[in-house]
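Below are the chains, spelled out letter by letter.
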Amino acid sequence: MKNVFPSHFEDTMPVVDEIELKLEIPPGKDKHYVAIRAEDIIVGQEGFFQDSPNVFQRRVLNIMDMGIYHQVSVGIGEILTKAILTKRNLFEMNIMEKRDIDGEIRPSAVHVF
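Student: Give me the packing of aromatic side chains: which residues, what numbers.
Tutor: On inspection of all chains with the given rule, the structure shows one aromatic pair. A centroid spacing of 5.5 Å and a plane angle of 20 degrees characterise the contact between Y33 and F113, whose relative ring orientation is stacked. Pair noted here: Y33 is in strand 5 (residues 33-36) and F113 is in the segment after strand 11 (111-112), with a separation of 80 residues, a long-range link. Accessibility expressed as a relative area gives 38% for Y33, which makes it partly exposed.

Student: Report on a nonpolar patch on the surface, specifying residues and quantitative values.
Tutor: Residues M1, V4, Y33 and F113 make up a contiguous nonpolar surface patch of about 410 Å² in total accessible area. Note on placement: V4 falls in strand 1 (residues 3-6). The class of V4 is partly exposed, set by a relative accessible area of 38%.

Student: How would you sum up unusual backbone geometry? Please name residues and give values.
Tutor: Here the phi dihedral of D17 falls at roughly 50 degrees; this positive angle occurs in a residue that is not glycine. Looking at the secondary structure, you find D17 in the loop between strand 3 (13-16) and strand 4 (19-20). For K98, which is not glycine, the phi torsion reads 70 degrees and is therefore positive. K98 gets classed as exposed once you look at its relative accessible area, which sits at 58%.

Student: Give a detailed account of the pairing of strand 5, specifying residues and quantitative values.
Tutor: In terms of strand pairing, strand 1 meets strand 5 through four bridges, oriented antiparallel. Considered in strand 5, the bridge of V4 is made with A35. When strand 5 meets strand 11, the two strands line up antiparallel, connected through two bridges. Bridge pairing in strand 11 places A35 opposite H111.

Rules used throughout
The residue numbers shown here count from 1 along each chain, following its written sequence. For this predicted model, a pLDDT threshold of at least 70 governs which residues receive local features, and a threshold of 80 or more governs which side-chain atom pairs are given and counted, while totals over whole chains, interfaces and linings are taken from all residues. Excluding hydrogens and water, the side-chain values take into account all heavy atoms of the structure. Think of it this way: a Phe, Tyr or Trp ring, Trp meaning its six-membered ring, pairs with another when their centres are within 6.5 Å, and the plane angle makes it stacked under 30 degrees, edge-to-face over 60, tilted otherwise. Runs of E in the DSSP output that reach at least two residues are strands. Runs of H or I that reach at least four are helices, and both are numbered from the N terminus. Only protein chains enter the accessibility calculation, which uses a 1.4 Å probe; a residue whose area is less than 20% of its type maximum is buried, one above 50% is exposed, and one in between is partly exposed. The residues that make up patches have over 30% relative accessible area and no salt bridge, and they are joined within 9 Å when like-charged or within 5 Å when they are Val, Leu, Ile, Met, Phe, Trp or Tyr. In these tables, accessible area is a Shrake-Rupley quantity obtained with a 1.4 Å probe, and a residue counts as shielded only by the protein chains included in the view. A pairing counts as a salt bridge when a side-chain nitrogen of Lys or Arg comes within 4 Å of a carboxyl oxygen of Asp or Glu. Strands pair, by our definition, only if DSSP identifies at least two bridges between them.

In C-alpha cells, the structure reads:
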C-alpha cells in the first residue's frame, strides 16, 4: 500500500493534514490511519470530475515508468500521494510533471484502521 496517512476524525470524516475525506461507511472507534490504494486514485484534467465527494486539485510532482504502468506522484497540499496509470492513459490525458490535474478518491476507496 503506497498511500497510508495518519489522521484524526471530525464527526465521521477522517482528516489528513486539513483535508477531509468522505467515507462510504462511518468508521468504528479508535481508527487513526487512512489508506488508499494507488490504483484507486483516479486522475484527469482540471474540471474532469463533477459532483464527486472527494475531488482535489493536485500538482504532478513526478512520473516514474514502472514497465506496464506509470506511477504518478501528486501533491495535495502537503500530502504526497501516488496513483497508477497505464501509459495510454498518461498520454491521452496529457499528464506531465509540474502540471495541475484533478484527482478523485471514491469514498469506497478510503480505508480506515
